[in-house]
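Descriptive structure summary
Here is what each chain is made of, one letter per residue.
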Amino acid sequence: MSALDKERQLILTVSSSPHIRTGEDTRSIMLDVIIALLPALAVAAYMFGVRAILLALASTAACVFFEWGYRKAMKKPQAIGDLSAAVTGLLLSYCLPVTTPFWAVVIGDFFAIVLVKQLFGGIGKNFVNPALAARAFMFSWPVIMTTWVTPLSYKSFFTLKLIDASTGPTVDAVTAATPLASLANGAIPESVSLLQAFVGQVGGSMGEISAFALLLGGLYLLVRRVITPVIPLSYLLTVAALTFIFPLGGNGRLEWMLWQLCSGGLMLGAVFMATDYTTSPVNPRAQAVYGIGCGAITVFIRYFGAYVEGVSYAILLMNTCVWLLDRAFHSGRFGAARKRLAPAAAQAGPAPSSAPAPVRPPERPAEKPETGSAGAAADEAGKASAGAPDPKEEKSDE
Amino acid sequence: MNNILYAVAVLGGLGAFFGLLLAIASKVFAVRTDEKLEAILACLSGANCGACGYAGCAAYAAAVAAGAPIDRCIPGGDETAKRIADIMGAAPAKVERLVAFVRCSGGDKTYDKYAYEGIKSCAMAASSISGGQRSCVYGCLGYGDCARVCPHGAISISGGVALVDREKCRGCMLCLAACPKKLIIRIPYSAASTIACANTDRGGLTRNVCQAGCLGCKICEKNCPHNAVHVENNVAVKDFSKCTNCGVCAEKCPRKLIKPPSGRLEERAE
Amino acid sequence: MSFSGILSIALGAILIENFIYIKFLGICPFMGVSKKMDTATGMGLAVIFVMGLASVFCWIVNRYLLVPLGLEYMQTVAYILVIAALVQFVEMFLQKSVPSLYQALGIYLPLITTNCAVLGVALLNTQYGYGFVESVVYGITGGVGFLIAIVLFASVRERLELTAEYPEAFEGFPIALISAGLVALAFMGFSGLKIS
Amino acid sequence: MKRQFKDGLIGNNPVLVQLLGMCSTMAITTTLFNGIGMGVSVLVILTCSNIVIALLRKLIPAKIRIACYIVVIAGFVTMVDLLLQAFLPALSASLGVFIPLIVVNCIILARAESFASKNSVLASAVDGVAQGIGYTAVLVVMCVIRELLGNGTFGGGLIGPGGAGIRIIPADYSALLVILPFGGFITLGCLIALMQWALKKSAAKAGGSKGAEK
Amino acid sequence: MSPSFFGGIHPDDGKRLASNSAIEVLPPPEQVVIPMSMHIGAECVPAVKKGDRVLLGQVIGEAPSFVSAPIHSSVSGVVAAVEPRLHPNGRNVLSVVISNDGKDEYYEGVAPHEEDALSPSDIIGIVKAAGIVGMGGAAFPTHAKISSALGRVDTMIVNAAECEPYITADHRILLERPDEVLAGIRLLMRALGLDRAVLAVEANKADAIKALKEKLRPGGDGIRLLTLKTRYPQGAEKQLIQTVTGRQVPLGGLPADVGCVVFNAFTCWSVNRAVKTGLPAIERVVTVSGPGIAAPSNLLCRIGTPVERLISAAGGLAGEVNKIIMGGPMMGNAIYSTEVPVVKGTNSVLAMTKEYDRHVENPACIRCGRCVAVCPMRLQPLYLYICERKGDAAGLNRLNVSDCIECGSCAYICPGRLELVQSIRSGKAIARGKK
Amino acid sequence: MNRESEKARDKSAPRLVLILFGVTVVVAALLGLVNHITKDAIAEGKAAKTSAAMREVLPADDYTEIDIEGKAGDIVTGLYEAETDGAPAGWVVLAAPTGFGGTISMVVGIDASGAVTGVSITAMSETSGLGANALKEDFRAQYRGKSGSVALSKYGGGIDALTGATITSEAVTQGVNAALKAVAAISKGG
Ligand SMILES: Cc1cc2nc3c(=O)[nH]c(=O)nc-3n(C[C@H](O)[C@H](O)[C@H](O)COP(=O)(O)O)c2cc1C
Ligand SMILES: Cc1cc2nc3c(=O)[nH]c(=O)nc-3n(C[C@H](O)[C@H](O)[C@H](O)COP(=O)(O)O)c2cc1C
Ligand SMILES: Cc1cc2nc3c(=O)[nH]c(=O)nc-3n(C[C@H](O)[C@H](O)[C@H](O)COP(=O)(O)O)c2cc1C
Ligand SMILES: Cc1cc2nc3c(=O)[nH]c(=O)nc-3n(C[C@H](O)[C@H](O)[C@H](O)CO)c2cc1C
Ligand code: SF4
Ligand code: SF4
Ligand code: SF4
Ligand code: SF4
Ligand code: FES
């Protein structure tokens with residue numbers, strides 16, 4: 001021990017490089033997601049009354065409780081601090097009708113956290129989206145899951161009564177068909193305008209109604225680099241393209257497409273649920289294929305399925321393909337495409353001084369390193385994001 | 001009655017037809033098969049249930065012939081496994097049961113050179129820097145790589161040192177390879193005591209880094225009536241072929257590190 | 001047999017009434033051979049082959065032997081006899097004549113003989129009153145449904161094998177069954193699908 | 001013989017330990033009636049086929065033994081099927097294609113191969129009954145759980161008003177998905193997990209006491 | 001859009017701490033500890049024994065093979081011991097311990113060379129004799145690199161990116177001695193028979209770029225100054241080549257395979273000094289910085305000086321220091337004793353305080369994919385981690401674990417705080433062992 | 001098992017054939033016997049079920065099948081003319097529309113005036129608790145007395161859909177409509 005060490009009584013820490021880490025961690029990311037979800041909650045509260053907030057709070061609390069309880073029971077280190085359970089709880093409440101009784105939500109939360117997430121080891125280890133799986137499970141009570149309240153129909157902001165599971169909606173608010181139900185029959189809804197659908201004055205699950213608020217949240221996530229645009233864009237573009245090319249019921253293509261984009265859980269799914277890290281691919285190209293798959297299945301179910309809404313099942317189905325996709329579509333290998341790029345001089349052998357190949361000017365764009373493979377669009381999308389995810393750092397001038 | 005006749009005719013006809021077909025096919029398409037393989041196949045349940053994880057009984061039989069574990073046929077159970085064992089060759093002759101032993105008593109009796117942060121694994125810590133955080137570079141790191149590979153849960157970490165439970169250890173010796181410090185040795189199950197240290201530095205240096213380490217004082221060597229203990233390279237080593245379990249060495253060791261191979265560390269120290 | 005008819009049988013067999021996730025036929029090989037993706041693929045292909053073959057021969061036996069003689073009640077016995085013999089025959093044939101194919105598919109054949117899905121498809125063909133083409137389409141696409149189901153599931157299991165940490169009691173089949181349940185949940189999205 | 005029964009129920013239970021016959025276990029366990037009906041059918045067929053195969057075991061050459069077994073089994077299955085259709089049409093309708101599919105239920109062939117073909121008639125008969133009871137027990141447990149959670153009733157098809165079972169959970173609260181395929185997978189998964197846990201626990205206990213003896 | 005490499009990160013570069021401190025000469029210590037292994041390649045054989053008197057610049061360790069570099073005494077004095085001593089890499093390495101007599105008597109071989117008369121092979125000979133190794137981190141013997149590049153390259157790149165946070169040694173040398181660095185570059189060009197070179201500097205060294213621009217003869221000597229985007233790991237060899245030339249070093253290949261050779265700026269400076277003065281590699285500039293250093297500085301110190309001395313020369317430690325690093329924060333080694341000496345490849349000593357320690361006890365991957373997005377080698381660190389934890393050698397090979405340059409970008413960015421680099425390092429061993 | 005003797009037994013191919021033949025013959029004989037015993041009971045059971053359903057929707061003494069080849073759509077699978085005391089009492093239509101979980105087999109009774117007298121469902125695989133509620137009397141009763149064509153309330157008709165099971169409700173409605181149409185075609189033609 002050196003004198004210095006002795007003098008300062010230093011017990012130094014030794015660890016592997018790197019010795020600095022970004023300030024972002026799981027908790028801060030999840031916090032960002034929660035923040036991004038708030039506008040949609042605000043719209044829900046405005047449209048459906050205070051019950052929307054209560055439902056969200058109850059679901060969040062229950063998820064956090066189950067996460068804590070399971071890990072306690074299994075004697076595993078606690079992990080509620082990472083807030084991922086809170087995100088799951090919040091998102092589950094978003095894809096339920098505002099009238100869902102609390103007991104049903106709590107069962108859903110239990111299902112999501114215990115059976116889907118923690119049983120497989122907790123965050124990062126589950127293979128399907130907990131909130132969506134729970135929503136699918138909650139179709140055990142179809143009446144609850146398909147009872148929609150007309151926005152702004154409550155008599156008082158604070159008094160939306162629960163529906164009673166046995167007698168159906170005994171609400172002092174009016175139940176309504178969602179635009180999706182109408183779209184499923186090939187008809188553009190008459191009672192609401194597209195603008196209303198965009199801002200959220202329509203029936204539907206409490207958190208999904210406002211495409212606008214969700215896009216706002218998505219924008220926040222993009223700016224904070226929590227998500228990359230690959231999945232939401234490829235998802236939405238696929239739905240847009242398919243509905244534009246194949247409009248139903250003789251409707252105008254553009255109008256039909258816009259209605260499809262603004263209705264149902266599409267925005268919520270594309271921005272917040274298909275992007276769930278754990279259950280989506282990590283390679284940008286695979287992400288693009290995943291988004292396209294989600295989009296195609298969504299439209300397929302919306303057009304041909306028994307369910308008017310296909311988003312949750314589309315995402316769940318694609319969840320099961322994640323491992324395959326990540327394997328099949330990883331992004332090439334550094335140096336694998338070198339032959340094409342090697343300069344003539346290097347191969348010509350000695351005498352470089354007599355005829356040195358000029359150094360490439362840096363202005364010339366580098367050639368695309370990968371060989372152009374299948375799915376050029378996916379490739380492009382992948383590339384677009386590849387640059388993007390450099391995480392935001394503490395600025396050097398801080 | 002006609003009906004029954006038809007039934008007999010049709011089904012009997014089908015049976016005869018397919019019987020013939022298979023009989024001919026088995027001649028025409030006869031493939032020479034491995035005797036052993038056939039024998040193994042005959043032992044299996046034949047349910048082709050896939051429970052073994054292979055594509056049917058034949059596939060599993062082939063795998064067994066190629067060295068796969070013999071106890072995977074679930075419907076067949078133990079009996080099948082036994083019969084396959086017979087086919088695959090005589091069971092190994094009875095040998096002295098060997099168990100694993102960790103040659104270290106340091107752990108909490110050493111001090112840490114630094115605070116280690118990182119993956120909790122001996123291999124990682126040892127390969128990271130300076131042979132791990134412990135002051136003694138020979139000793140057990142206590143992150144339990146050995147315990148993780150032990151299929152029988154025989155190893156636990158006690159007082160910062162890995163400890164093998166001789167009753168649970170089946171002598172597979174997977175732990176030997178897992179230990180980056182090469183601290184684990186085989187000893188006879190019956191051995192009453194063994195030297196739990198591997199520090200080959202001179203006594204003074206050892207004393208500096210560990211309160212329990214072997215000083216190479218040779219007291220054990222001198223006292224052993226059977227010439228079974230020797231200090232080599234500054235650390236005592238026991239020759240089990242000579243040791244009679246008389247216990248003199250353990251008694252005389254000033255550091256009390258000649259210990260029985262199982263039991264908790266504290267008990268051993270007594 | 002119109003194209004849309006075939007399409008709806010195919011979609012039905014692959015997605016809506018998936019043999020594994022919805023109909024529960026052929027679970028034993030599905031669970032047994034889904035640990036690795038490549039064996040799962042081999043199994044899936046072999047199932048397609050056998051289900052197609054079974055559909056063809058059972059239809060012939062039913063149409064030209066059993067029905068004319070009023071022996072429909074003997075379907076089960078006749079079908080299983082046909083299937084068992086055929087599979088064994090094909091296995092011998094492949095082993096001798098096309099060893100490469102035998103290595104790829106043949107080794108899965110014995111496992112398939114005693115598989116609910118194969119007898120199931122023959123019985124269902126009869127129950128649904130399918131004609132020859134329909135039977136073949138249903139048989140093959142039912143096998144395709146099996147292939148998709150088992151390959152997807154194998155990929156999920158590979159992932160779980162590497163990353164998941166479940167309680168010890170769930171080791172092996174339990175966690176696999178629960179995972180299969182979650183995949184079945186996702187497949188419910190296709191229920192009630194109607195192609196018009 | 002007592003051991004054989006214990007094995008059939010727990011130690012070597014065909015479904016929970018040997019993991020055989022899972023298709024029917026998951027597919028038809030939606031009401032108690034189904035479960036008992038299926039269980040008893042399998043029990044009868046298993047016992048009969050075990051007996052016959054044990055009788056014939058010396059006679060049948062190895063090459064065609066599977067074919068012979070299958071034909072025998074299929075014969076019994078068809079008989080049971082016809083009898084059910086004639087005398088218990090409701091059960092027959094609700095079990096549907098799964099009655100003929102008993103032919104390929106791996107349990108029966110597995111027992112034929114691994115037990116009946118190597119043992120005496122009596123032992124084989126006992127084996128058939130024991131394994132059949134083990135199978136039936138699992139089916140009944142599955143049925144009770146799934147019917148209760150998924151439909152809110154007990155004893156569906158057997159008791160209660162119009163054979164609809166006794167309602168325990170109000171209809172609106174029962175979790176429909178439990179009686180759908182999804183619920184079949186999950187319930188069986190949990191049951192097997194429970195079994196593995198219990199076996200491990202008892203093994204540990206046995207091991208512990210053995211250790212103590214030493 | 002200027003060409004660039006794939007991935008990468010933007011950590012806070014922390015260079016403001018030391019970038020304005022001029023290089024100070026650190027007086028040689030009373031005792032130097034000179035390890036016999038300071039480079040890639042064979043360990044040197046001690047040429048002296050205990051009690052010998054040695055002079056400044058005298059060879060005390062002889063290179064046993066071509067890929068190795070001789071080691072010289074950095075002081076004059078008496079050999080106090082030849083024994084294993086703690087090395088910055090954490091292991092005990094055979095070292096020559098010399099008690100400094102304070103006289104700095106030069107060894108007779110230390111004399112300036114007649115620069116204009118030198119042939120390329122003379123230059124290589126001088127570099128070899130001077131024991132110059134790459135100063136950019138890997139410490140590959142420079143003469144070996146030149147020889148293997150001879151006749152195969154068309155582009156020489158001088159790596160002055162210095163992309164690692166906090167380090168300012170190259171920056172200061174460029175700013176304060178631009179002439180000497182440029183002269184070194186010209187010498188290396190001559191040795192390689194090239195008439196062009198690219199001097200690549202990250203944009204965050206504006207003053208150095210300005211100083212260099214003033215010194216470059218306009219159009220005359222073939223050295224082009226290229227300003228790079230500030231992004232880590234811009235200075236990694238393969239990435240730098242890609243940025244500068246658009247070429248990708250092939251799998252398992254060397255820079256020469258794409259006609260390039262890369263030298264660190266300080267290496268160039270050392271070459272110039274060896275030719276102009278005859279002084280071998282006995283000294284180097286070390287940045288002593290980091291949040292835990294009271295007065296961050298750039299010190300020109302003798303090889304073999306204990307780190308402890310550097311720290312006290314920089315005002316000592318400040319704040320709750322819990323980690324001392326040799327090298328940069330992204331790739332350097334944490335040391336546990338400040339007794340260890342400065343070696344040829346040491347470019348910095350950093351002291352980090354507690355608030356920079358973001359280690360967590362139970363890291364969990366959330367599959368966010370950031371590690372994949374930032375990996376400049378296009379690897380998938382999360383999957384490497386999974387395979388390593390399972391000991392899956394085949395999986396590691398399939399995922400090309402050996403391509404990893406251990407830049408640390410993935411571990412830096414990981415919000416789940418996985419020890420990705422540590423795991424990958426162990427994964428490389430697993431993959432090699434069971435190939 | 002004794003492998004030596006087994007091998008010996010395997011030798012002759014005719015033996016294989018004979019044994020398999022023997023086994024199948026015995027099984028077939030037994031089956032034939034069982035079938036002989038149960039055949040009538042099964043047929044009776046089936047007939048009883050259909051006729052019970054027929055009697056439920058339209059009580060009559062006698063039902064005679066009418067050939068409807070090509071006259072009704074895919075959904076209608078059979079049509080019977082009902083007679084009471086020799087006088088025509090109406091028609092009974094067997095229909096099989098597709099619901100949520102597959103085909104729904106139903107029987108529709110239509111009286112001489114063309115109004116629905118009853119709807120009965122003989123087989124379905126709809127989800128219990130949802131689509132299976134169509135078996136309930138109060139749902140089926142809604143169709144009684146309707147003529148011409150029927151429709152769900154949401155399309156302006158008078159039939160309230162089952163909660164959460166629009167598809168099943170639509171299917172049943174479709175079946176009734178098909179029956180009405182078939183009868184209309186027959187009575188016009190006949
Ligand atoms: C075993 C080995 C052999 C090398 N051989 C050569 C060589 O022949 N020519 C060359 O220019 N560089 C050679 N290098 C140097 C590398 O190309 C590279 O410059 C060196 O590893 C330092 O790179 P880094 O600091 O980016 O890691 C070699 C490196 C190693 C490890
Ligand atoms: C991740 C990474 C970052 C590096 N950063 C630098 C750097 O900033 N400056 C530098 O000179 N060398 C850097 N190197 C080392 C170079 O790859 C290369 O070894 C060096 O430029 C070769 O020159 P040398 O042999 O003269 O050291 C880095 C290497 C790696 C792997
Ligand atoms: C598990 C489950 C079972 C279902 N079973 C039926 C069913 O038997 N019949 C039906 O028409 N719809 C069934 N559905 C579909 C939906 O309940 C319903 O068709 C869809 O949500 C539209 O309902 P609505 O228009 O009646 O509100 C089922 C859905 C689920 C999740
Ligand atoms: C962008 C983003 C989206 C998320 N979406 C979901 C989601 O849809 N459902 C959910 O249960 N958790 C979601 N989470 C939380 C968390 O990642 C999820 O519970 C993991 O599946 C847990 O392993 C999300 C987290 C992030 C960062
Ligand atoms: S790994 Fe093997 S040898 Fe080591 S303790 Fe466990 S059972 Fe004994
Ligand atoms: S014995 Fe070896 S492997 Fe086991 S804890 Fe000690 S150092 Fe680690
Ligand atoms: S950055 Fe970390 S958390 Fe994200 S995918 Fe990579 S290893 Fe997992
Ligand atoms: S350390 Fe390796 S895996 Fe990680 S980013 Fe750097 S090159 Fe990629
Ligand atoms: S019971 Fe084994 S495959 Fe169905």
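A few words on the pattern of salt bridges. All names here are of chain E. Counting across every chain of the model gives 39 salt bridges over all chains. Residue aspartate 101 is joined to arginine 53 by a salt bridge in which the shortest nitrogen-to-oxygen separation is 2.4 Å. Taken together, the positions of aspartate 101 in the loop between β8 (92–100) and α1 (120–129) and arginine 53 in strand β4 (residues 53–54) put the pair 48 residues apart, joining distant regions of the chain. On the basis of relative accessibility, which here comes to 39%, the residue arginine 53 falls in the partly exposed class.

Okay, the environment of E:Pro35 next. Residues and elements named next belong to chain E. Checked against the element boundaries, proline 35 lands in strand β2 (residues 31–35). Relative accessible area serves as the criterion here: at 1%, proline 35 is assigned to the buried category. Separated by 307 residues in the primary sequence, proline 35 and valine 342 place their C-alpha atoms 9.5 Å from one another. Ignoring sequence-local partners within four residues, the contact set of proline 35 consists of Ile71, His87, Val93, Leu94, Ser95, Pro341 and Val343.

Next up on the list: the packing of aromatic side chains. Within the structure shown, the criterion is met by 35 aromatic pairs over all chains. Arranged with centres 5.1 Å apart and planes meeting at 70 degrees, the rings of B:Phe17 and B:Phe18 form a pair that is edge-to-face. Using a relative accessible area of 48% as the deciding quantity, one classes B:Phe17 as partly exposed. Here C:Phe19 and C:Tyr138 contribute two aromatic rings whose centre-to-centre distance is 6.0 Å and whose plane-to-plane angle is 50 degrees, an arrangement assigned as tilted. With C:Phe19 in the loop between α1 (3–16) and α2 (27–32) and C:Tyr138 in helix α8 (residues 132–163), this residue pair connects regions lying 119 residues apart in the sequence. Residue C:Phe19 shares its accessibility class with C:Tyr138, and that shared class is buried.

Ligand 6 sits among B:Val102, B:Cys122, B:Cys140, B:Leu141, B:Gly142, B:Tyr143, B:Gly144, B:Asp145, B:Cys146, B:Ala162, B:Cys179 and B:Pro180. The residue inventory of the shell around ligand 6, partitioned by class, reads 9 nonpolar, 2 polar and 1 charged.

With 9 residues of chain F at the contact, the number on the chain C side is 7 residues. Summing the contributions of chain F and of chain C, the shared interface buries around 660 Å²; its carbon and sulfur component is 71%. Of all residues in chain F, the largest losses of buried area upon contact with chain C belong to F:Leu31, F:Asn35 and F:Phe100, amounting jointly to 53% of the total for that side. For the pair chain F and chain C, the number of links is 0 residue pairs in polar contact (both at pLDDT 80 or more). Per-element accounting of the side of chain F that touches chain C gives the leading share, 5 residues, to helix α2 (residues 13–57) of chain F. Here the side of chain F that touches chain C is composed, by residue class, of 4 nonpolar, 5 polar and no charged.

The rules behind the values
- Residues numbered from 1 in each chain as written.
- Chains lettered and ligands numbered in written order.
- Predicted model: local features only at pLDDT ≥ 70, side-chain atom pairs only at ≥ 80, totals over all residues.
- Heavy atoms only, no water.
- Salt bridge = Lys/Arg side-chain N within 4 Å of Asp/Glu carboxyl O.
- Helix = DSSP H or I, 4+ residues; strand = E, 2+ residues; numbered from the N terminus.
- Buried < 20%, exposed > 50% of the residue type's maximum accessible area, 1.4 Å probe, protein only.
- Contact = heavy atoms within 4.5 Å.
- Phe/Tyr/Trp six-rings, centres within 6.5 Å; stacked < 30°, edge-to-face > 60°.
- Near = heavy atom within 4 Å.
- Nonpolar A, V, L, I, M, F, W, Y, C, P; charged D, E, K, R; others polar.
- Buried area = accessible area lost by both parts, 1.4 Å probe.
- Polar contact = N/O pair within 3.5 Å; in protein donor to acceptor, adjacent residues only side chain to side chain.

Honestly, that's just the spatial picture; any functional story needs more than this.
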